[in-house]
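# Reading the structure
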Amino acid sequence: MKGIILNLLEEAVIAEFGDAAWPNLIDLAGVSGVYTSLGSYPDEDVYALVRAASEALTTSQEEILRWFGRRAIPLLADRYGVFFEHHRTARSLILSLNEIIHPEVRKLYSGAGCPHFQFSDHADGRLVIGYQSPRKMCQLMHGFVEGTSTYFAETVELEHLACMQDGSPQCRVAVHWAG
Amino acid sequence: MPGGGALGGVKHLQFTIPEGDEDRVLRLERQLAREREARLAAEAIAEKGLRDLYTSQQRLALLQRITERANSSDDFQTAAAYALKDICTEMEWDFGNSYVVPDDGSAALACDCWFLASPDGLDPFVEVSRSIRFAAGIGLPGRVLTETRAHWVQDVREDTNFLRLAIARECGVVAGCAFPIMVGKQVVAIFEFFSRRTITPDEGMVETMAQIGIQLGRVVERVRAREALLHDTLHDSLTGLPNRVLLADRATQAFERRSTGGPGLAVLVIDLNGFKTINDKHGHHLGDEVLVAVSRRFSAALGSWQKEGGSEVEALLARTGGDEFVVLLAGTVEPTLAQHVAELLQSALDAPFRAGEEEAPISASIGIALCAPAYGHVDQVIRDADLAMYEAKSGDHANIVMFTPSLGNRVRNRMALEQEIREAISARQFVLHYQPIVGLSSGQVSGFEALVRWNHPLRGLISPNEFIPIAEQNGSIVSLGEWVLQEACAALARLHRTMPAGFLPSVAVNIAPVQFLQPDFIAQLRAVLRETGVPPACLKLEVTEGVAIIDSERTRRTLEQCRDIGVRTGLDDFGTGYSSLSYLHSLPFDTLKIDRSFIAAMERPKSLSIVRTILDLSKKLGLSVVAEGIETDRQSLSLAAWGCEFGQGYLLGRPEPEATAFRFNPARPIL
């Protein structure tokens, strides 16, 4: 996992729960906590932090990931405004992930394993995002989509049509923007 | 809970600070905040460094790929097509297009070499751009042409000097940039790129484009060098006209087309008359200038003929030798058409050329051969045109001669003879015979005229009438004449050694005009006199008035130089040509020779009065006179009575070889 994700998580936790919350969470998770945006760290650290937060807050891990996804978007926009400024809708930004954002990520992290998203249109007009990753973090993606929609002041509804957590080979999430 | 963004159970993540440590904690928190800021700043710096590194690596790789491609490309289009695609892909332009710039640098012309990375909706813009032309300073390519560096337009819609504005708007084109392909300081081509999004000008990108421009310029440079080399091998360096190699190639092509049912061809071989005189008189430099001027006139004449004539015939003018040109006419060529073209070429030379201060007349002898079915190879057509030219050249005036098979035989015989003459000089087959010149009142031998004969190994003795005109035409007369002068003087020296003291017969040697006008003639004359020891006064050079017609001024100078040396000079065959009195007046001759035709016809009153008039005139001008062709006592007596000093003819002695001719008793009169 790229350090930037752990950094964003830190920022999100501190913003929500105060300065002390992050060191506490580190201790609870039993991870090193030394993360810089340019480093790569074991995926296990993220799982441990999510698990610890889930236990401390008595909230499901899925909900923790969605919360983080939502909170991460404005922080990302702050830090990488250039990726947001060419887009006027959440849909446009999300569709640019594979072609624009991921290549940019690879400029910084050579060999970064970015998930590839498959986009298709559902018969009812919804956008279907296909996601496949050994990390199985479709809930984080769910949070990202919500956060992006909020960023563009849009209302969104998501439905998990299929999920790797349930044994499906691929997660498929149908997205519908109202209005 | 979720949805609003907040998480429940906040208290589980909080902890309590012990009393008294609050200040320390606050200080540590501030320090922590600073550390975090510092870390973020360091990360931002490192991130920028990584991005820049990535970008510059990508650009270096791009430049390297294009350089490698440029190094292995033999034509600009291929290298350009590759580069356009690679630049579009790497620098994220939607459309890349190229222009070539003609040598005068006046404009950029789209060359239909382009790459469309993202076709959506750009087609109309591409369609316009692939064949457009920009004058210097106009539009994006025009500005690059003027500025000789990259030009960036951040938003073409706001640019006042963007010609394709309407179509660009329609296609959603936003950013554009262009850069030059350079050879040295010259813009030879231009690349332009467009994108539907804003692309901020980037120093690194501009620098990479400049480097790409230099690398692609090398392809153009190589192509030009190759073309120049090819041009040099196919063109004459002096006039820039196609040379023999290119002519042969085009002639072969035309011939092959004809043999596969295509139209015919004709070959005109043109040889200049008067050029050699200019070269000899004014030197090669002026000669070269005249050749260039001739080639321009020929080109202009053919150019306007093709423009106006509406003829389907293609004409190629080549320079194939010193003053020899060839015109290849490819197409349906009737004899009259070839004749017409030849006449046009001749008229192109009507106005005299200038060589320094003087006018230098040049004319053309032209031989024409039309391709007939009998020809098996185009070389035969060219050869026959050459033979026809040869025939044209043999006349007195500039002629046009159409090849026929009988003409071919005639000319071939003559050419064989020419070759034989050249060989005969080195094989020493020429001999001199000597005919006495006798004082008509004393009856005593005063000297001899040296007359050349060709002792041909198969044909026996050949008269000069058969070979001198040919030797004069092909130039071998100069070496033959040199030998004659040398041999006559050597023979005279031998004769003088056998003569009694105080009696020194003279020898008269005929000098051909071309020999007499050689720039080194006087030097050669001095050398011969020095080597043989013959007193200059015993040598008499005989020239015809033809020499004065070619170049009277030079003739006068050479005659004066002869007189300075002490050598005497005579005007031969007087009365047969123009017999211009002005020559007699202005040229310093010592002797005048009355042509044998007047002597033979002395029975007739008209001839008689001519002879008497010549004698009177000579007396008044102080010229001594030799009458040629005296065959009877009556002729001899009459001439002596009228004051003719010397005579020559069968009555007085036939031409004989040295051994016989020089065996005479100087004390005993012949008459």
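Our structure's up above, just so we're on the same page.
Notes on the structure follow. (Residues numbered from 1 in each chain as written. Chains lettered and ligands numbered in written order. Predicted model: local features only at pLDDT ≥ 70, side-chain atom pairs only at ≥ 80, totals over all residues.)

## Considering the overall build of chain B
For clarity, the threshold we go by: Runs of H or I in DSSP of at least four residues are treated as helices and runs of E of at least two as strands, each being numbered from the N terminus. Think of it as a crowd count around each C-beta: if 20 or more other C-beta atoms lie within 10 Å the residue is buried, if 12 or fewer it is exposed, and in between it is partly exposed, with C-beta placed from the backbone throughout. Here, residues touch in the contact sense if the C-beta positions derived from the backbone fall within 7 Å of one another.
What chain B contains, in helices and strands, is 23 helices and 23 strands. When burial is assessed residue by residue, chain B has 38% of its 671 residues classed as buried. A sequence separation of at least 24 residues applies to 64% of the contacts in chain B between residues at least 6 apart.

## Some words on helix α14 (residues 477–498) of chain B
Selection criterion: Given the number of residues in a helix, its expected span is that number minus one, multiplied by 1.5 Å.
Taking 1.5 Å of rise per residue, the 22 residues of α14 of chain B would be expected to cover 32 Å, and the 31 Å separating its terminal C-alpha atoms lies within 8% of that figure. If you check which residues of α14 of chain B are buried, you get Ile477, Leu480, Gly481, Val484, Leu485, Glu487, Ala488, Cys489, Ala491, Leu492 and Leu495 of chain B.

## A look at the environment of Gly33 of chain A
Residue and element names in this part refer to chain A. By secondary structure assignment, the location of Gly33 is in the loop between α2 (21–29) and α3 (43–57). Look at Gly33 and you get partly exposed, because 15 C-beta atoms sit within 10 Å. C-alpha of Gly33 to C-alpha of Asp45: the two residues are 12 residues apart in sequence and 8.6 Å apart in space.

## A look at the nonpolar core
Residues and elements named next belong to chain B. Test applied: To define a nonpolar core, we join buried Ala, Val, Leu, Ile, Met, Phe, Trp, Tyr and Cys residues through C-beta atoms within 7 Å and take the resulting set.
Counting residues in each nonpolar core, the largest one holds 68 residues, and the members touching the most others are Ala450, Ala488, Val507 and Val509. Sort the elements by how many residues they give to this core and α14 lands first, with 9 residues. Not counting the four nearest positions on each side in its chain, Val507 is found in contact with Gly447, Phe448, Ala450, Ala488, Leu492, Cys538 and Leu539. Counting residues in each nonpolar core, the second largest holds 59 residues, with Phe298, Leu317, Val326 and Val341 among its members.

## Focus on unusual backbone geometry
Residues and elements named next belong to chain B. Residues other than glycine seldom take positive phi values, yet Glu92 does so here, at roughly 60 degrees. In the Ramachandran plot, Arg428 falls in the positive-phi region, its phi being about 55 degrees despite a non-glycine side chain. Relative to the elements of secondary structure, Arg428 occurs in the loop between α12 (405–426) and β14 (430–439). Note on Arg428: 10 C-beta atoms within 10 Å, which makes it exposed.

## A short note on the sheet that holds strand β1 (residues 117–121) of chain A
Residue and element names in this part refer to chain A. Short version of the rule: Two strands are said to pair when DSSP picks up at least two bridges between them. Every axis corresponds to a line fitted to the C-alpha atoms, with the helix fit spanning only the stretch in contact, and the corresponding angles, defined between N-to-C directions, vary from 0 to 180 degrees.
Across the sheet, which stays open at both edges, the 4 strands sit in the order β1-β2-β4-β3 with antiparallel pairing between neighbours. At either end of the open sheet lies a strand with only one pairing partner, and these are β1 and β3 (156–162). Neighbour-to-neighbour, the strand axes of this sheet turn through a mean angle of 25 degrees, independent of strand direction. Bridge count for strand β2 (residues 127–131) against strand β4 (residues 171–177) is 5 bridges, and the pairing is antiparallel. Paired with Ile129 across the bridge in β4 is Val173.

## Section: the sheet that holds strand β8 (residues 314–319) of chain B
All names here are of chain B. Read from one edge to the other, the open sheet built from 5 strands follows the order β8-β9-β7-β12-β13, with strand pairing classed as mixed. Looking at strand neighbours, the two that pair on one side only are β8 and β13 (400–402), the edges of this open sheet. Neighbour-to-neighbour, the strand axes of this sheet turn through a mean angle of 15 degrees, independent of strand direction. Of the pairings in the sheet, the one linking strand β7 (residues 265–273) to strand β12 (residues 363–370) comprises 8 bridges and is antiparallel in character. When the sheet's bridge partners are listed, Ile270 is paired in β12 with Ile366. On the sheet, helix α10 (residues 335–348) packs against β7, β9 (324–330), β12 and β13 and is oriented at approximately 165 degrees with respect to β12.

## Quick notes on the pairing of β7 of chain B
All names here are of chain B. Across the 9 residues that make up β7, a large majority, 9, are buried. In β7, alternate side chains face the same way, and those of Leu265, Val267, Val269, Asp271 and Asn273 on one face and Ala266, Leu268, Ile270 and Leu272 on the other are all buried. Where β7 meets β9, 7 bridges bridge the pair, whose relative direction is antiparallel. Across the sheet, residue Val269 finds its bridge partner in β9, namely Val326.

## So, the packing of helix α1 (residues 22–72) of chain B against helix α6 (residues 203–234) of chain B
All names here are of chain B. Selection criterion: Throughout this description, any angle smaller than 35 degrees is read as roughly parallel, any larger than 145 degrees as roughly antiparallel, any in the 65 to 115 degree range as roughly perpendicular, and the remainder as oblique. Under the grouping applied here, Gly and all other residues not named as nonpolar or charged are polar, the nonpolar ones being Ala, Val, Leu, Ile, Met, Phe, Trp, Tyr, Cys and Pro and the charged ones Asp, Glu, Lys and Arg.
Relative to each other, α1 and α6 sit at 10 degrees, their axes nearing to 9 Å. Taken together, α1 and α6 sit at an angle that is classed as roughly parallel. For the pair formed by α1 and α6, the contact residues are Thr55, Ser56, Arg59, Leu62, Leu63, Ile66, Thr67 and Ala70 on the first element and Gly204, Thr208, Gln211, Ile212, Gln215, Leu216, Arg218 and Val219 on the second. Of the residues contributing to the contact of α1 with α6, the split by class is 7 nonpolar, 7 polar and 2 charged.

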